[in-house]
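# Topology and contacts: notes
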Amino acid sequence: MASAPALKRTDSVIDNMPDALRQSRYHMKRCFAKYLEKGRRIMKHHHLMEEMELVIDDNSERSQVLEGILGFILTSTQEAVVDPPYVAFAIRPNPGVWEFVKVSSEDLSVEAITTTDFLKFKERVNDEKWANDENSFEADFGAFDFQLPQLSLSSSIGNGLEFTSKFLTSKLTGKLEKTQAIVDYLLTLNHQGESLMINENLNSAAKLQMALVVADAFLSALPQGTAYQNFELRFKEWGFERGWGDTAERVKETMRTLSEVLQAPDPMNLEKFLSRLPIIFNVVIFSVHGYFGQADVLGLPDTGGQVVYILDQVKSLEAELLTRIKQQGLNVKPQILVITRLIPDARGTKCHQELEPISDTKHSHILRVPFYTEKGILRQWVSRFDIYPYLERFTQDATTKILEFMEGKPDLVIGNYTDGNLVASLMARKLGITQGTIAHALEKTKYEDSDIKWKELDPKYHFSCQFMADTVAMNAADFIITSTYQEIAGSKDRPGQYESHAAFTLPGLCRVVSGINVFDPKFNIAAPGADQSVYFPYTEKEKRFTQFQPAIEELLFSKADNNEHIGYLVDRRKPIIFSMARLDVVKNLSGLVEWFGKNKRLRNLVNLVIVGGFFDPLKSKDREEMAEIRKMHDLIDKHQLKGQFRWIAAQTNRYRNGELYRCIADTRGAFVQPALYEAFGLTVIEAMNCGLPTFATNQGGPAEIIVDGVSGFHIDPLNGDESSKKIADFFEKCKVDPSRWNVLSAAGLQRINECYTWKIYANKMVNMGNIYTFWRQVNKEQKEAKHRYIQMFYNLIFKNLVKTVPVASDEPQQLEAKQ
Ligand code: UDP
Ligand code: LCN
């Protein structure tokens, strides 16, 4: 609808809107009268459209209105605020691009307004006094970025690394002296006090350039494989230190890349050179809220894909660091520490252990640091929503432990989720090191109007702390890693998670007129993978974990109910459609069961197996999960699913899960991920890695992972009938032409190998660490000014909010994820 006369990116809405309103003046006057009927209020896009449909009830007249520019403007409107006689519109013609206008209902005149003015319109709905107070507190983080480069195209968002290299190149281009920044930077590189790359003999760009010419001639005469040690002494005399490479060939390549940069900087060579530098040896990864462990933690509250992601990330990162350090010709052991909370009441997990080596790594550990209250160590688990009072002390204690354990400062710190990112920011600031952040999922977009209604929600969720902490961390970070584009800037119709922090307001507390800019080159998309030693194609027969097959056979096909499974499958020749997730409302497993129950054709074609939760609501400690369990039982009865449906309780053995996906593939089945919203969706890539054709939600990350109809299928979680029809159509086609299943299976695997592997991720992550560390150096003054502002914000706003969060005491508690 309304796509034909779309605004050009360069056209502004304010330029187009008056004419558009004039053309449909009669209808628009009536529409605005309708909008104003209920007085002051916030209207979402769907409210605007619904009320317009009531006013213009003739379909063809409505289509005419919507086909024009006006239609485009209305479809691009995210929300509007009615404040008679005005309606203020927040229009988003493209991802990340916002325009604000106010329209008078009396004469349909249009006026551009600022972000501040629009936020004030919103505030007036809840807190008029504060909105009208000229001295209400406004936070403007963008004010410090005026000298910084920005991307300009929505399509470039998330390609920060590439853009940063281009910007750096432009800073270094011109006379040779401009490249002195590189020389100064190389002079700072060292490992435990030992210089790397160059020493003071080469302290100017001119000297370095000359020395590179001499070294190149020398290296050209050596056999390519000559080890660095064989010419190390001579190189030292010339001013070179270790780090250029392990062999003559590698050293020559690195030196030539630098020579080209010094001669005429270009982004490709600059990125290549910076990526090769020995900068990162020790990495700290924060994932603060527990339970974080390697066994028996999945399924505990707040513990899902984040843990899986970090453990796999560490393995791939260590492997990448080892490869690079070897190629640099260094004999250094990298260290990676995952810092989490030590929970004395560990409930059968190892979360009370201080130090735990990470399996399948040589130099990586989990280090656990307890939370303290005035009464000493806090024994119990604390929900991620209530975690703020402990974080400052935790940062101090963790920093001391890290410095002790690593015998020095880490080179890079990565945060995960709000709590980890805040702690990472505090530590990075204190130690002066490079900081990256990862969110997995930001909470703000999950709850409608969570900013404007913060006072209502705060007692339960403490969103004021969370949004402020997120804003602090995003602004403090040197780079931000996201799994998908949509996480940053959403899609055509839906704002991204980060984008929702661009401008928001907590009336009575703080109006954030510029929280984060999604066009900032700190944003990078680096999608995770799945551990390919666990999740590999069902066709790789010799690798398969056959030891689990009897248990899986029992799990899927035995007749009697027990603690691990209920329901049974009468016709085991049918393919199985499979899903596995936590039993949250948002994961929508019950939705899938309902779609299946209602679709006879699908039930004739396939069986349904799901993994998630418990069967007994009383066993669950989470209110939301209890309700979902009850709903599942109701659906089984209502749709008489016995004989076609198996429900398996949550599974914790990832090796067995890997084999389970493959056993489902053996039945020529499919994986279905029906979530109402999914930030990324690790199960989607696990299934695809196993060669299982996959149907996944079009709401969130999976919409990017899968190319619809090519490497899997998108399904609409809000339209169950259409989704179950799509699944049934596929299996019907496969019956006629079995090769269709093979094509989808192979295309899913191809997609994974091209875009979603930990190898690709780790390579990108170390490049980010290297390039943003240099960028930080080049950009020192601006960074410092911004840090001062962040610090003020943290001290004056955030710390006061933290005081409103109750501190836990070690009394018996109810575990509740509140998700
Ligand atoms: N998982 C599991 N057992 C279960 C349910 C899920 O091992 O019963 C694993 C699943 O294989 C995946 C992770 O938990 O690795 C869930 O990650 P995802 O990104 O799909 O969702 P999240 O739980 O993080 O929202
Ligand atoms: C959190 C989520 O909600 C999932 O969508 C992700 O896959 C997981 O974290 C890992 O990043």
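Quick note: structure is the one above.
Since the structure is predicted, the reported quantities are computational estimates derived from the model, not experimental observations.

### Concerning the side chain of His27
- Of note, His27 is situated in helix 2 (residues 25-37).
- Take His27: its relative accessible area is 12%, and that puts it in the buried class.
- Within polar-contact distance, the side chain of His27 engages the side chain of Glu61 at 3.1 Å.
- Every residue in contact with His27, bar those within four places of it in the chain, is listed here: Val55, Ile56, Glu61 and Val65.

### A look at the sheet that holds strand 9 (residues 282-286)
- With mixed pairing, the eight strands of this open sheet are ordered in space as 11-12-10-9-15-16-17-20. What marks the edges here is a single partner per strand, and that holds for strand 11 (355-357) and strand 20 (523-525). Strand after strand, the sheet turns through a mean of 25° between neighbouring axes, direction not considered.
- Pairing of strand 11 with strand 12 (residues 364-370) involves three bridges; the strand directions are antiparallel. Across the sheet, Pro357 pairs through a bridge with His365, a residue of strand 12.
- Its contacts with the sheet put helix 29 (residues 758-778) on strand 15 (412-416), strand 16 (434-438), strand 17 (479-482) and strand 20, and the angle it makes with strand 17 is roughly 165°.

### Remarks on the packing of aromatic side chains
- Overall, the coordinates contain 51 aromatic pairs when judged by the stated rule.
- Their ring planes at 5° and their centres at 5.0 Å tell us that Tyr461 and Phe463 sit as a pair that is stacked. Phe463 matches Tyr461 in its accessibility class, with the two residues each being buried.
- Plain terms: the ring middles of Trp758 and Tyr761 are 4.8 Å apart, the flat faces sit at 75° to each other, and that makes the pair edge-to-face. Of this pair, Trp758 and Tyr761 both sit in helix 29, three residues apart, which is roughly one turn of that helix. Residues Trp758 and Tyr761 agree in their burial class; the two are buried.
- Three or more aromatic residues joined by ring pairs make a cluster, and in this case those are Phe218, Tyr228, Phe231, Phe235, Trp238, Phe240, Trp244 and Phe273.
- A cation over a ring is seen here: Lys102 above Tyr86, with NZ or CZ 4.4 Å from the ring centre.
- Across the ring face of Phe536, the terminal group of Arg662 is positioned such that the distance to the ring centre comes to 3.7 Å.

### Examining the packing of helix 4 (residues 59-67) against helix 5 (residues 69-76)
- One way to put it is that helix 4 packs onto helix 5 with a least axis distance of 4 Å and a crossing angle of 80°. In this view, helix 4 runs roughly perpendicular relative to helix 5, as classed from their interaxial angle. Here Val65, Leu66 and Glu67 of helix 4 come into contact with helix 5, specifically with Ile69, Leu70, Gly71, Phe72 and Leu74.
- Along the lines of polarity and charge, the residues of the contact of helix 4 with helix 5 split into six nonpolar, one polar and one charged.

### Overview of the state of the cysteines
- Scanning the entire structure with this criterion turns up zero disulfides.
- For Cys663, which is in no disulfide, the shortest distance to another cysteine sulfur is to Cys690 and amounts to 9.9 Å.
- Judged by its relative accessible area of 11%, Cys663 is buried.
- Considering cysteine sulfurs only, Cys690 is the nearest to Cys755, which forms no disulfide, with 18 Å between them.

### What about the layout of surface pockets?
- What the second largest pocket holds in volume is close to 550 Å³.
- Where the lining of the second largest pocket is concerned, the elements lending two or more residues are helix 9 (180-188), strand 7 (190-191) and helix 29.
- Among the elements that take part in the lining of the second largest pocket, helix 29 stands out by supplying three residues, more than any other.
- Residues of the lining of the second largest pocket, tallied by class, amount to eight nonpolar, 10 polar and four charged.

### Things to note about the site of ligand 1
- For ligand 1, the set of nearby residues contains 17 residues, the closest of which are Gly305, Arg582, Lys587, Gln651 and Glu686.
- Between ligand 1 and Lys587 there is a distance of 2.7 Å, counted from an oxygen atom to a side-chain nitrogen or oxygen.
- Between ligand 1 and the protein, one listed contact pairs an oxygen atom with a side-chain N or O atom of Glu686 at 2.5 Å.
- Burial of ligand 1 by the protein chains amounts to 89% of its free accessible area of 540 Å².

### A few points about empty space enclosed by the protein
- In this structure the tally under the stated criterion is seven cavities of 30 Å³ or more.
- For the largest cavity, the calculated volume is near 190 Å³.
- Forming the boundary of the largest cavity are 15 residues, of which Leu148, Lys522, Trp775, Gln782 and Lys783 lie nearest the centre.
- Of all the secondary structure elements, the ones that give two or more residues to the lining of the largest cavity are helix 29 and helix 30 (780-802).
- The element that contributes the greatest number of residues to the lining of the largest cavity is helix 30, accounting for four residues.
- Partitioning the lining of the largest cavity into residue classes produces four nonpolar, four polar and seven charged.
- Approximately 50 Å³ is the volume found for the second largest cavity.
- Lining the second largest cavity are Ser275, Leu277, Pro278, Ile279, Ile280, Phe281, Leu321, Arg324, Ile325, Gln328, Val766 and Asn770.
- Of all elements in the fold, only helix 14 (305-327) and helix 29 reach the threshold of two or more residues within the lining of the second largest cavity.
- Looking at which element gives the most residues to the lining of the second largest cavity, the answer is helix 14, with three residues.
- When grouped by side-chain class, the residues that make up the lining of the second largest cavity number eight nonpolar, three polar and one charged.

The rules behind the values
- Residues numbered from 1 in each chain as written.
- Chains lettered and ligands numbered in written order.
- Predicted model: local features only at pLDDT ≥ 70, side-chain atom pairs only at ≥ 80, totals over all residues.
- Heavy atoms only, no water.
- Helix = DSSP H or I, 4+ residues; strand = E, 2+ residues; numbered from the N terminus.
- Buried < 20%, exposed > 50% of the residue type's maximum accessible area, 1.4 Å probe, protein only.
- Polar contact = N/O pair within 3.5 Å; in protein donor to acceptor, adjacent residues only side chain to side chain.
- Contact = heavy atoms within 4.5 Å.
- Pairing = 2+ DSSP bridges.
- Axes fitted to C-alpha atoms, helices over the stretch in contact; angles between N-to-C directions.
- Phe/Tyr/Trp six-rings, centres within 6.5 Å; stacked < 30°, edge-to-face > 60°.
- Lys NZ or Arg CZ within 6 Å of the ring centre and 35° of its normal.
- Parallel < 35°, antiparallel > 145°, perpendicular 65-115°, else oblique.
- Nonpolar A, V, L, I, M, F, W, Y, C, P; charged D, E, K, R; others polar.
- Disulfide = S-S within 2.5 Å.
- 1 Å grid on protein atoms, 1.4 Å probe; cavity = no way out; pocket = protein on both sides within 12 Å on 5 of 7 lines; lining within 4 Å.
- Points joined across faces, edges and corners; volume = space filled by probe spheres on them.
- Near = heavy atom within 4 Å.
- Areas by Shrake-Rupley, 256 points an atom, 1.4 Å probe, with all protein chains shown as cover.

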